[in-house]
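These are the residues of each chain, in order.
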Amino acid sequence: MLFSIWDNEIEKKEKQKKWTDNFRKIGEEVYTFFVDTVIEKGYENREGQWDMSCEITDAMKRKQHILVEAGVGIGKTFAYIVPLLFYHKKYGRPIVIATSTIALQEQLESDINVVENIIGYHPEIILVKGQNHFLCRNRADQFFFHNKNKENNKEIYEEIENGGCERNDWDINISDKIWNQINVREFNPVFCRQNCVHKDYCYYYKMRGELRTTNGIILCNQDLLTINLVKRQNWGNEILTDKFFRLESMMG
């Protein structure tokens, strides 16, 4: 028993040393990125930016929370994306980034692509929105099954038949009244898997499955993250499980 306890202590120290050594390397990569790599590529040297990035890296190494306040234009997004990407490159563990709006999610996806191209590393990125943003082909079939609905909304019907997965995919006006009858409502993966003929090419069904298995980067909004944390606490039926490294971005 004493030997077992001693072995466990040795194993813990070895793991901690490896963790510290890995983050020393990550910290060096982060520092080099800001003071050398991006300068060589013609980007501006922002001392506050790389200082913030190094602080975030240090907090990750210590497994502590960090709250950062910085002025407009300092480059907050790049400051946390860079250490996260180097962390992901080393460990391959999924990461959740939560923003306040969908517009910020989409901008963040674009910013991540920029950093990815600079460092030459491209993990999977999943941009997650609430279910009501997405088309449910099964409900659409039911709505347009009635010839009157099809005749009165012929343009919408034809556009949907040509493909698309969310409301913004079509350059036509879809009223809230119609959209609320054809979008995803009360998603049930068991029902979809067993009954829906569209499941093999349904974007939302596929995305929900990927969220449970991905080792990439998930971009969601804070409302969705909060809902899933509540589900995790009350029912254990969450999308974003506790295996994720979470970064909640409070960008305004």
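Residues numbered from 1 in each chain as written. Predicted model: local features only at pLDDT ≥ 70, side-chain atom pairs only at ≥ 80, totals over all residues. Heavy atoms only, no water.

Going by an unreviewed UniProt entry, the protein chain carries the name DEAD/DEAH box helicase family protein and comes from Mediterraneibacter gnavus.

Engineer: Explain the confidence of the model for the protein chain to me, and be specific about the residues and the numbers.
Structural biologist: Here the protein chain averages 85 in pLDDT, and 88% of its residues register 70 or above. Predicted confidence for residues 248–252 stays below pLDDT 50, and this span has 15 contacts to residues more than four positions away or in other chains. (pLDDT = per-residue confidence, 0-100. Contact = heavy atoms within 4.5 Å.)

Engineer: Quick one: what's the story with unusual backbone geometry, residue by residue and with numbers?
Structural biologist: In this model, K63 sits at a positive phi of 55°, which is unusual for a non-glycine residue. With respect to the helices and strands, K63 occurs in the loop between α2 (47–62) and α3 (76–91). Phi angles above zero are rare outside glycine, and E186 is one such case at about 50°. Positionally, E186 belongs in the loop between α8 (176–182) and α9 (189–195). (Helix = DSSP H or I, 4+ residues; strand = E, 2+ residues; numbered from the N terminus.)

Engineer: Quick rundown of helix α5 (residues 137–144)? Include the residues and the values.
Structural biologist: Since one α-helical turn is 3.6 residues long, residues separated by three or four positions face the same way. Those residues of α5 that sit buried are R137, A140, F143 and F144. Each buried residue of α5 sits inside an arc of 115° when the element is viewed along its axis, so together they form one side. Buried residues in α5 make contact with α6 (147–152), α7 (154–161) and α8. (Buried < 20%, exposed > 50% of the residue type's maximum accessible area, 1.4 Å probe, protein only. Arc of directions from axis to C-beta.)

Engineer: Describe in detail the nonpolar core, supporting the description with residues and values.
Structural biologist: The biggest cluster of nonpolar side chains holds 30 residues, and the ones touching the most others in it are F33 and I97. When residues of this core are traced back to their parent elements, those giving at least two are α1 (2–40), α2, α3, β1 (95–99), α4 (102–119) and β3 (217–221). Here this core takes nine residues from α3, the largest share from any one element. (Core = buried A, V, L, I, M, F, W, Y, C linked by side-chain atoms within 4.5 Å.)

Engineer: Give a detailed account of the pairing of β3, specifying residues and quantitative values.
Structural biologist: Among the five residues in β3, five count as buried, and that is most of the element. Note that β1 and β3 share five bridges and pair parallel. Considered in β3, the bridge of I95 is made with I217. Alignment of strand β2 (residues 125–127) against β3, held across three bridges, turns out to be parallel. In the sheet register, I125 faces β3, and the bridge partner there is I217. (Pairing = 2+ DSSP bridges.)

Engineer: Outline the side chain of H198, supporting the account with residue identities and numerical values.
Structural biologist: Within the secondary structure, H198 sits in the loop between α9 and α10 (203–213). Among the polar contacts made by the side chain of H198, one reaches the side chain of Y201 at a distance of 2.6 Å. Once residues lying within four places of it in the same chain are set aside, the contact partners of H198 are R137, N138 and D141. (Polar contact = N/O pair within 3.5 Å; in protein donor to acceptor, adjacent residues only side chain to side chain.)

Engineer: Mind laying out the environment of F34, listing which residues take part and the relevant values?
Structural biologist: By the element assignment, F34 lies in helix α1. When its relative accessible area of 3% is taken as the criterion, F34 is described as buried. Filtering out sequence-adjacent residues up to four positions away, F34 remains in contact with I39, N45, Q49, W50, S53, F78, A79 and V82.

Engineer: Give me the lowdown on the pattern of salt bridges, citing residues and values where you can.
Structural biologist: For the structure shown, the criterion picks out nine salt bridges. The partner of E166 in a salt bridge is K129, and the shortest N-O contact between them spans 2.8 Å. Here K129 lies in the loop between β2 and α5 and E166 lies in the loop between α7 and α8, a separation of 37 residues in the sequence. Assessed through its relative accessible area of 13%, E166 is described here as buried. By relative accessible area, which is 6% here, K129 ends up buried. Each of the salt bridges in this network shares a partner with another, and the network as a whole consists of K17, D21 and R24. (Salt bridge = Lys/Arg side-chain N within 4 Å of Asp/Glu carboxyl O.)

Engineer: Could you give an account of the environment of H122, with specific residues and numbers?
Structural biologist: Along the chain, the position of H122 falls in the loop between α4 and β2. A C-alpha to C-alpha distance of 8.9 Å links H122 and K89, two positions 33 residues apart in sequence.

Engineer: Summarise the packing of α3 against α4; cite the residues concerned and give the values.
Structural biologist: Viewed as axis vectors pointing N to C, α3 and α4 meet at an angle of 55°, and their least axial separation amounts to 10 Å. Relative to α4, the element α3 lies oblique. Note on packing geometry: the crossing formed by α3 with α4 is right-handed. Along the contact surface, α3 presents T77, F78, Y80, I81, V82, L85, F86 and K89, while α4 presents L108, D111, I112, V114, V115, E116 and I119. Among the residues making up the contact of α3 with α4, the classes are represented as eleven nonpolar, one polar and three charged. (Axes fitted to C-alpha atoms, helices over the stretch in contact; angles between N-to-C directions. Parallel < 35°, antiparallel > 145°, perpendicular 65-115°, else oblique. Left-handed = near helix turned anticlockwise from the far one by under 90°. Nonpolar A, V, L, I, M, F, W, Y, C, P; charged D, E, K, R; others polar.)

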